[in-house]
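# Observations on the model geometry
As a plain string of letters, each chain reads:
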Amino acid sequence: MRRMSGPATRALHDRLLASLASSPKREVARFLPGGRSLDLDTFERRILGAERRVVRVGTPSGRPTAVPDIGQLVLLSSRNIEPYLVAIATLWKRGFVPILADADLARAEIADLVRTFRPAFCLLDRRVDPEGGDAEDLGDSLTGLHAFIPARRGAARPVSGLLANGTVLHGDAAVVRLTSGSTGRPRGILATAGQLLADARHITSAVGIRPADTIVCAIPLGHAYGFGHVLMSLVLQGSRPILLEQPLPALLLEALSGPGPLVLTGTPYLFSLLLQAAGRKKLKGLRLCLSAGAPLPAELSRACKNRLGLPIRTFYGASECGGVSYDRSRDGILPDGCVGTFLPGVNVTVRAERGGEEGAGRLCVQSDVVALGYVPEGSPELSAGRFVTGDLGRIDAEGRLHLVGRADRMINVGGRKVNPAEIEAVLREVPGVRQDVVFGAPDRHRGQIVCACLVAARGVTREALLMACAPRLAQFKLPRRIEFVERIPVSPRGKTDRKSLLGLVARPPDAPARRPQSPRFTASPHTS
């Protein structure tokens, strides 16, 4: 088994502190609600304090102690709070490789990740610890987080980078991003420090994010969009963030009421909320609105331009390959589905699909940002600096990229990719459910919403289904529309008729007693 000669992640920690030191009088970050700020001296002290605790995780409980500096995995799942920045800087300094998990995962989802990736420990901001294992407080430096140490059978200490199927983590990995495989099981995307920094250079150059900018961030840092645009801009060049714990309109207005220059990173859904809440309020410090994670309607960008004096600029990327394209147009109003021109160093080709739209096909991305590969199981779609996406698109005569659909079944809920197979498996375990299919339906604000069509016994209700899903699935994965049918519609070839399914959810929902309306929930925004 290969042991690292030195922490591959240390370059990110050192670059972060060097960028901050270039303007030491500026706060590292500000946090809402509360308006707390983190200055550089306090940040460095907290990293030192956290370092002492992190390298001893497991000692008080009697579990095997984590071994730093050799590339062990640590699962990090937290909202945009102060200890998130301290934790990730500390992990990088000591050579741990963070697994960037969503902040809203349920207990069962955390347990699944622990089984798959075998992290040395987890850093969590809420009590969703799986069964079996110990929890530890982490002291003042990481107040708001606690450590969960999984139980390990027959092992004196955790083995560096060894996953559940025996795969050894690549020694140059600096982060592991999460996505779902075709079976609905989680898989990781390995990215190096060099790839993360190259992506940040591409993004800041193309978008025009400057060191003096303050980036207002209501999207989770653990997601590729927030991580690449906000956290890595801080690492690369010291662009300071205002981090919102929740994407609430009142917090957005508070953050945008301060002095500029301000850059707002959001999703179409967030910009819709902002325009509704802003009224006639002037946001004089705002100089750039950036949207990713879901298709941006031209109408919304135009409304933003009319109301705030600047359009919403759309950005397109993927967790596997970083940024791909950006809207550099003069007026900032693109046709629906258009995501601008390609970032520097990014080459995209279109691979025609049988029976597909003429001139369109699956997008194949090549750049120095494309991730190392997937774990635990690799895939030819992500290897050797090339990523074959699941997106269908075409390139027009002006070199602009237009997205026209998905080649697979993945559902894009505000930038978060949801695998229908995962939800179908949960629904099938509900007594009385005989058959089910989960799919995505278009939504103006979130890109898509999760819908489910079921054949079930008469005693099965929407409420019962959602109660079964809630403990096992993150909130953004819960179906917003559930339709009961006598049979799942199929095509003449015997395949599920997705056009008919979309027709079911396009009409107003029925509301008989056995089919109560699904409760409303707010989806958290995210990308790529």
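It should be noted that the structure appears before, not after, this text.
Computed from a prediction, not measured in an experiment: that's the story for all the values here.

## Topic: the sheet that holds strand β13 (residues 286-291)
- Spatially, the nine strands line up as an open sheet ordered β2-β1-β11-β10-β12-β13-β14-β15-β16, and their pairing is mixed. Looking at strand neighbours, the two that pair on one side only are β2 (36-38) and β16 (341-342), the edges of this open sheet.
- Inspection of the sheet shows strand β15 (residues 322-326) paired to β16 by two bridges, in the antiparallel sense. Paired with Ser325 across the strands is Phe342, a residue of β16.

## Comments concerning the sheet that holds strand β19 (residues 373-375)
- The strand order across the open sheet formed by eight strands is β6-β7-β5-β3-β4-β8-β9-β19, and the pairing between neighbours is mixed. Every other strand in the sheet has two partners, leaving β6 (133-137) and β19 as the edge strands with one partner each. Neighbouring strand axes in the sheet, compared pairwise and without regard to direction, differ in orientation by 30° on average.
- The pairing of strand β5 (residues 121-124) with strand β7 (residues 146-150) spans three bridges and is classified as antiparallel. Its bridge partner being in β7, Leu123 is matched across the sheet by Ala147.

## A few points about the pairing of β15
- Where burial is concerned, most of β15 is hidden: five out of the five residues are buried.
- As paired elements, strand β14 (residues 312-318) and β15 share four bridges and run antiparallel to each other. The residue of β15 that forms the bridge with Gly317 is Gly323.
- Here β14 folds back onto β15, and the loop between the two strands holds three residues.

## Some points on the packing of helix α5 (residues 193-207) against helix α6 (residues 224-237)
- Contact geometry of α5 with α6 gives a least axis separation of 9 Å together with a crossing angle of 100°. It follows that α5 is roughly perpendicular to α6 by the angle criterion. Within the contact between the two elements, α5 uses Leu196, Leu197, Ala200, Arg201, Ile203 and Thr204 and α6 uses Phe227, Gly228, His229, Met232, Ser233, Val235, Leu236 and Gln237.

Cut-offs used in this document
- Along each chain, numbering runs from 1 in the same order as the chain's sequence is written.
- The model is predicted, so local features are restricted to residues of pLDDT at least 70 and side-chain atom pairs to those at 80 or more, both for listing and for counting; the totals for chains, interfaces and linings are taken over all residues.
- Side-chain numbers come from the whole structure's heavy atoms, not from hydrogens or water.
- Any two strands between which DSSP finds at least two bridges are classified as paired.
- Helix and strand assignments come from DSSP, with helices taken as H or I runs of at least 4 residues and strands as E runs of at least 2, each series counted from the N terminus.
- Orientation is described by lines fitted to C-alpha atoms, with helices fitted over the stretch in contact, and by angles between N-to-C directions that extend from 0 to 180 degrees.
- Type-normalised accessible area, obtained with a 1.4 Å probe on protein chains alone, sets the label of each residue: buried when under 20%, exposed when over 50%, and partly exposed for intermediate values.
- Roughly parallel means an angle under 35 degrees; roughly antiparallel means over 145; roughly perpendicular covers 65 to 115; every other angle is labelled oblique.
- Every residue pair with non-hydrogen atoms within 4.5 Å of one another is taken to be in contact.

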